[in-house]
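Geometric and topological summary
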Number of protein chains: 2
Amino acid sequence: MAEESEVIRSRGGTRERIMDIAQEAVLAKGFEATSIDEIVAAARITKSGFFYHFSDKTALARALLERYLEQEEAIFDDVFGRAAELSDDPLQILLIALKLLAEVVENLPNGHPGCLVATTAYQDRLFDAEVRALNREGVAAWSARFRGHLEAVATAHPPTRPVNLDDLADMVTGVCEGGIVLQKALDDRTAMARQILLLRTFIGMLFR
Amino acid sequence: MAEESEVIRSRGGTRERIMDIAQEAVLAKGFEATSIDEIVAAARITKSGFFYHFSDKTALARALLERYLEQEEAIFDDVFGRAAELSDDPLQILLIALKLLAEVVENLPNGHPGCLVATTAYQDRLFDAEVRALNREGVAAWSARFRGHLEAVATAHPPTRPVNLDDLADMVTGVCEGGIVLQKALDDRTAMARQILLLRTFIGMLFR
DNA sequence: GTTCCAACTGAACCTGCGGTACAGTTAAGT
DNA sequence: ACTTAACTGTACCGCAGGTTCAGTTGGAAC
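What you are looking at is a predicted structure, and each value in this text was computed from that prediction instead of being measured. (Residues numbered from 1 in each chain as written. Chains lettered and ligands numbered in written order. Predicted model: local features only at pLDDT ≥ 70, side-chain atom pairs only at ≥ 80, totals over all residues. Heavy atoms only, no water.)

Taken together, 18 residues form the shell around DNA strand C, and within it T14(A), T46(A), S48(A), Y52(A) and K57(B) come nearest. Those atoms of DNA strand C that come within 4 Å of the protein belong to sugar or phosphate at a rate of 51%. Contacts to DNA strand C include Y52(A), whose side-chain N or O atom sits 2.7 Å from a phosphate oxygen. Breaking the surface near DNA strand C down by element, the ones donating at least two residues are α3 (47-53) of chain A together with α2 (36-43) and α3 (47-53) of chain B. If one sorts the elements of the surface near DNA strand C by residue count, α3(A) sits on top with four residues. Partitioned by chemical class, the residues of the surface near DNA strand C number four nonpolar, eight polar and six charged. (Near = heavy atom within 4 Å. Polar contact = N/O pair within 3.5 Å; in protein donor to acceptor, adjacent residues only side chain to side chain. Helix = DSSP H or I, 4+ residues; strand = E, 2+ residues; numbered from the N terminus. Nonpolar A, V, L, I, M, F, W, Y, C, P; charged D, E, K, R; others polar.)

Vacant regions in the atomic arrangement are exposed by a probe of water-molecule size rolled over the atoms. The volume enclosed by the largest pocket comes to roughly 1,100 Å³. Forming the walls of the largest pocket are 44 residues, and the residues nearest its centre are G111(B), H112(B), P113(B), G114(B) and K184(B). For the lining of the largest pocket, the elements supplying multiple residues, two or more each, are α6 (116-121) and α7 (129-156) of chain A together with α1 (14-29), α4 (57-86), α5 (90-106) and α8 (165-186) of chain B. Residues belonging to the lining of the largest pocket are distributed by class as follows: 19 nonpolar, 10 polar and 15 charged. The volume enclosed by the second largest pocket comes to roughly 700 Å³. Lining the second largest pocket we find 24 residues, and of these N110(A), H112(A), P113(A), K184(A) and R125(B) sit closest to its centre. Contributing elements (two or more residues each) for the lining of the second largest pocket: α1 (14-29) and α8 (165-186) of chain A together with α6 (116-121) and α7 (129-156) of chain B. Top contributing element to the lining of the second largest pocket by residue count: α1(A), with five residues. (1 Å grid on protein atoms, 1.4 Å probe; cavity = no way out; pocket = protein on both sides within 12 Å on 5 of 7 lines; lining within 4 Å. Points joined across faces, edges and corners; volume = space filled by probe spheres on them.)

This part covers the interface of chain A and chain B. The interface of chain A with chain B comprises 51 residues on the first partner and 51 residues on the second. Taken together, both faces of the contact between chain A and chain B bury some 4,500 Å²; the carbon and sulfur share is 71%. Of all residues in chain A, Y122(A), F202(A) and M205(A) give up the largest surface area on contact with chain B, accounting jointly for 19% of the area buried on that side. Where chain A touches chain B, the interface holds two salt bridges. Across the pair R194(B) and D167(A) runs a salt bridge whose closest N-O atoms are separated by 2.3 Å. Here chain A and chain B share 10 residue pairs in polar contact (both at pLDDT 80 or more) between them. (Contact = heavy atoms within 4.5 Å. Buried area = accessible area lost by both parts, 1.4 Å probe. Salt bridge = Lys/Arg side-chain N within 4 Å of Asp/Glu carboxyl O.)

That's the geometry; what it means functionally is another story.
Quick look at the structure:
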């Protein structure tokens with residue numbers, strides 16, 4: 001049988017390949033600075049090939065953000081799912097999940113490559129209201145998830161100090177985002193994981 | 001006497017005006033997406049005027065980052081200076097400083113406009129090693145400052161749990177950066193201040 | 001074995017951007 | 001009166017950027 005030719009025709013994988021290449025560049029240089037020429041050169045296709053997959057450059061931005069949000073949801077599903085199998089106590093589940101999350105980002109080959117939500121937020125004047133709404137709802141969904149877990153924790157273990165659970169839910173996202181900025185600015189691939197673990201310590205302190 | 005004409009000649013203020021306009025645009029769209037044409041139009045000067053002040057576009061980037069780091073240092077000096085006048089206890093000084101910091105960012109007219117360190121970190125492939133080093137050292141200086149305060153706090157009030165003070169110092173920066181991302185992504189100008197205050201709660205808990 | 005379609009290629013187009021060159025102008029300082 | 005800083009005005013350049021579209025290819029279905 002004919003083995004899978006990787007170059008001649010890629011049978012549907014091209015779009016994903018374009019997006020992988022584009023995402024890496026966008027996270028390192030920004031959206032406007034990432035040229036279609038550079039993407040198609042790296043993907044070994046022509047410019048026309050790019051425009052077969054994306055109607056224009058903004059369609060690429062939207063597709064990247066949508067895919068990124070789905071991938072992140074999948075990671076959280078995985079991490080909280082695995083945590084829920086290891087304990088029945090809401091606090092333990094949350095603490096285990098944060099530990100697993102720290103491990104996931106620590107084990108990424110070159111550290112976390114960067115968050116598309118953050119880049120989009122820092123370049124939002126480039127995009128239309130739809131993309132901005134997508135970004136807003138993506139972060140809101142993360143916060144809602146964390147907030148759900150935190151409510152379960154708080155009922156089982158009343159916090160030792162009054163804290164706003166909405167703010168605390170946002171802080172999980174915020175510490176991740178801040179950790180990535182630290183990691184990139186300091187060129188220290190362990191910074192994000194350490195920030196997550198420190199937040200974990202604080203959450204452990206709070207509910208006990 | 002001739003009153004100060006604000007338009008005809010700005011007596012040295014032009015360079016600052018260029019930088020103000022450029023910074024706002026860079027924080028909203030990214031560096032590459034901010035064109036010189038657009039800057040000079042907003043600053044009501046000509047292109048030649050721009051190149052009189054900056055040898056090229058990268059010189060603008062460097063100048064923006066240098067100025068931003070100085071401004072941030074000034075804010076921290078102010079906040080910790082005022083806090084030190086209100087207490088002698090290291091913990092109280094730190095807690096007051098964080099409160100004041102939250103107030104400062106809360107009272108900004110449209111919320112915090114964004115951190116140049118974060119944009120630079122997320123677009124570092126656009127810049128040379130010098131700018132990247134500037135960014136790294138800027139964040140390192142913030143961390144060193146916070147770390148100094150934290151050491152004083154820890155000797156006066158041993159922490160109730162073992163934590164790495166380097167990570168905690170980084171977290172002050174990280175929570176600010178994460179708070180800005182949240183603020184931009186959620187379009188909620190209060191997010192950053194609330195994140196700082198929540199970190200303050202955690203620090204209060206830790207050293208007691 | 002023609003027809004059909006998805007997945008491209010090739011070539012051209014045009015705008016806008018960063019940057020240059022350089023001569024002239026204005027007002028403040030000395 | 002002379003000098004200097006801080007610009008303006010105009011013209012130009014090369015090229016890289018996004019976009020368009022007519023045409024090609026190769027596998028699958030009938």
